[in-house]
Amino acid sequence: MAKILFISDLNFGSKSELPVTDEHRLLTLEKICSIGVHHDILLIGGNLFGTNQVDNVTISKIAAQIELLKNENTEVYISAGEYELENCKKLEESGLIILGHGTVHKGITGIGVSGFQIKSDEGLDLITQPETEYPVIALINATTSIETELKKVLAGKNDSGFVFFAIGGNHDFKIFRVAGKPVGAQCGSSEPLKRSCKGARYALSFEISDQSPDKVSRYQVNTLEYNEYKIDTAIYQSEQQLFEAIKDLGAKNLMAKFEFTGTNLWSTFSVNDLAPFFFNLETDYKYNTDIDSLIHQFRDEISIRGLFYRELELRLANSSEINGIDTAFLTALLNKMNSTEELCEEDICDLYNV
């Protein structure tokens, strides 16, 4: 029996859509290795590096973590892509085993690992059946989605010669099953690289016993987390209630993006007041632009604009004074004024006539 931990896509050196740095990735790798010392094998499904342009200080810190595993007799394998091969070779002395395409390496546990690199214009027909008497894991680094084709391969798993398919080069966690039993998995990126990488990120743990995987589980390993939220302000009774609801979502490791719809409730507070409760905070405003929401947004300003909206609110409260007003025209005119903060002479005349 062998206990195995599988990760992929840490992408050291990559430029991210999100404020994730190599310092965060190092913290994640440390967490992974603290779990890895309780396993016999650590599999890396490629993309440990997102580029060969990674500084030597970072590489030396990665090497220290791999050496820690080596000292605990945990074997570390990678199916490396061409763009990261140079950096991976710098880690060989620390104990990293780099698998060439189609090569099988049998470790001290008696489990074999076969590496495969599948490029964007290639298919899974490049995955050749191992001719061994011992169980072999296919460690695949795929630069394109292979899920559809993979299902066909997994359906015939009993004839493939592999006990498990560990697939890297992707961003989402997924376990593949045949007849209800796990036969392969992709663990996704260990740290969020794109906005599509929402929520927790995982390492996958499993055991190989009697030629089949067992005790499949996952560990959350990410240092930072990205999530998006849609907030309809219509369900909140007050600005304070909205503030507290968003504050409750806050976490020091959370990169959050909020999309606001409904009426703009912010007057005393601003969304920026919530920034200290998050690692990073982004906003997208899609408020309703009817007259009521505009009044609510600007009536408390100590300005001519605020005075205008307070007067407008009073007049709207007395319907006898607004009979005949084209409210759709007024709303469009007010939105133009608020978006450009200036009006031409014709606009002023229109506003006066309204």
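Residues numbered from 1 in each chain as written. Predicted model: local features only at pLDDT ≥ 70, side-chain atom pairs only at ≥ 80, totals over all residues. Heavy atoms only, no water.

(A) Looking closely at helix α1 (residues 22–36). For α1, which comprises 15 residues, the first-to-last C-alpha distance of 20 Å matches the rise-based estimate of 21 Å (1.5 Å per residue) to within 8%. The complete set of buried residues in α1 reads Asp22, His24, Arg25, Leu26, Thr28, Leu29, Ile32, Cys33, Ile35 and Gly36. Looking at the packing, one finds that the buried side of α1 touches β1 (2–7), β2 (41–44), α2 (56–71), β12 (212–220) and β15 (278–287). (Helix = DSSP H or I, 4+ residues; strand = E, 2+ residues; numbered from the N terminus. Expected span 1.5 Å × (residues − 1). Buried < 20%, exposed > 50% of the residue type's maximum accessible area, 1.4 Å probe, protein only. Contact = heavy atoms within 4.5 Å.)

(B) Examining the environment of Ser196 more closely. The topology assignment puts Ser196 in the loop between β10 (181–186) and β11 (202–209). For the pair Ser196 and Asn227, spaced 31 residues apart in sequence, the C-alpha separation works out to 9.0 Å.

(C) Looking closely at the nonpolar core. Grouped together as the largest cluster of nonpolar side chains are 27 residues, with contacts concentrated most on Leu48, Phe49, Ile62 and Leu91. Counting only elements with at least two residues in this core, the list comes to β1, α1, β2, α2 and β3 (75–78). Dropping the residues within four chain positions of it, Leu91 is found in contact with Leu48, Phe49, Ile59, Ile62, Ala63, Ile66 and Leu96. (Core = buried A, V, L, I, M, F, W, Y, C linked by side-chain atoms within 4.5 Å.)

(D) A look at the packing of helix α7 (residues 291–298) against helix α8 (residues 304–317). Orientation of α7 relative to α8, taken along the N-to-C sense of each, is 135°, at an axis distance of 9 Å. By the angle between their directions, the pair α7 and α8 is classed as oblique. The handedness of the crossing between α7 and α8 comes out as left-handed. Across the interface between the two elements, Ile291, Leu294, Ile295 and Phe298 of α7 pack against Arg305, Gly306, Tyr309, Leu312, Glu313 and Leu316 of α8. (Axes fitted to C-alpha atoms, helices over the stretch in contact; angles between N-to-C directions. Parallel < 35°, antiparallel > 145°, perpendicular 65-115°, else oblique. Left-handed = near helix turned anticlockwise from the far one by under 90°.)

(E) Looking closely at the pairing of strand β14 (residues 251–262). As judged from the eight bridges shared by strand β13 (residues 225–232) and β14, these two strands associate in the parallel manner. Following the sheet pairing, Asp232 is matched in β14 by Thr261. Bridging between β14 and β15 involves nine bridges; their strand directions are parallel. By the bridge assignment for β15, Phe260 is matched with Tyr285. (Pairing = 2+ DSSP bridges.)

(F) Spatial organisation of the sheet that holds β10. Reading across the sheet, the six strands line up as β5-β6-β7-β8-β10-β9 and stay open at both edges, with mixed pairing between neighbours. Each end of this open sheet is capped by a strand with a single partner; those strands are β5 (104–106) and β9 (174–178). Strand-to-strand twist across the sheet, computed as the mean angle between neighbouring axes with direction ignored, equals 25°. Inspection of the sheet shows β9 paired to β10 by five bridges, in the antiparallel sense. By the bridge assignment for β10, Phe176 is matched with Gly184.

(G) Inspection of helix α6 (residues 239–249) at higher detail. Every buried residue of α6 is accounted for by Glu239, Leu242, Phe243 and Ile246. The buried side chains of α6 occupy one side of the element, clustering within an arc of 100° when seen end-on. Those residues of α6 hidden inside the fold are in contact with β13, β14 and β15. (Arc of directions from axis to C-beta.)

(H) Spotlight on the sheet that holds β13. One open sheet holds the three strands; their spatial order is β13-β14-β15, and the pairing between them is parallel. Taken across any chain shown, the strands that pair with only one partner, and hence form the sheet edges, are β13 and β15. When the angles between neighbouring strand axes are averaged without regard to direction, this sheet yields 15°. In this fold α6 packs onto β13, β14 and β15, with an angle of close to 145° to the strand it touches most, β14.

(I) Broad picture of the packing of aromatic side chains. Enumeration according to the criterion identifies twelve aromatic pairs in this entry. Taking 6.2 Å as the distance between ring centres and 20° as the angle between the ring planes, the aromatic pair formed by Phe258 and Phe260 counts as stacked. Between Phe308 and Tyr309 the ring centres are 5.2 Å apart and the planes differ by 85°, which places this aromatic pair in the edge-to-face class. Residue Tyr309 is classed as buried on the basis of its relative accessible area of 0%. Among the aromatic side chains, those forming a connected cluster through ring pairs are Tyr229, Phe258, Phe260, Trp266, Phe278 and Tyr285. If you follow Arg218 out to its NZ or CZ, it ends over the ring of Tyr202, 4.0 Å from the centre. (Phe/Tyr/Trp six-rings, centres within 6.5 Å; stacked < 30°, edge-to-face > 60°. Lys NZ or Arg CZ within 6 Å of the ring centre and 35° of its normal.)

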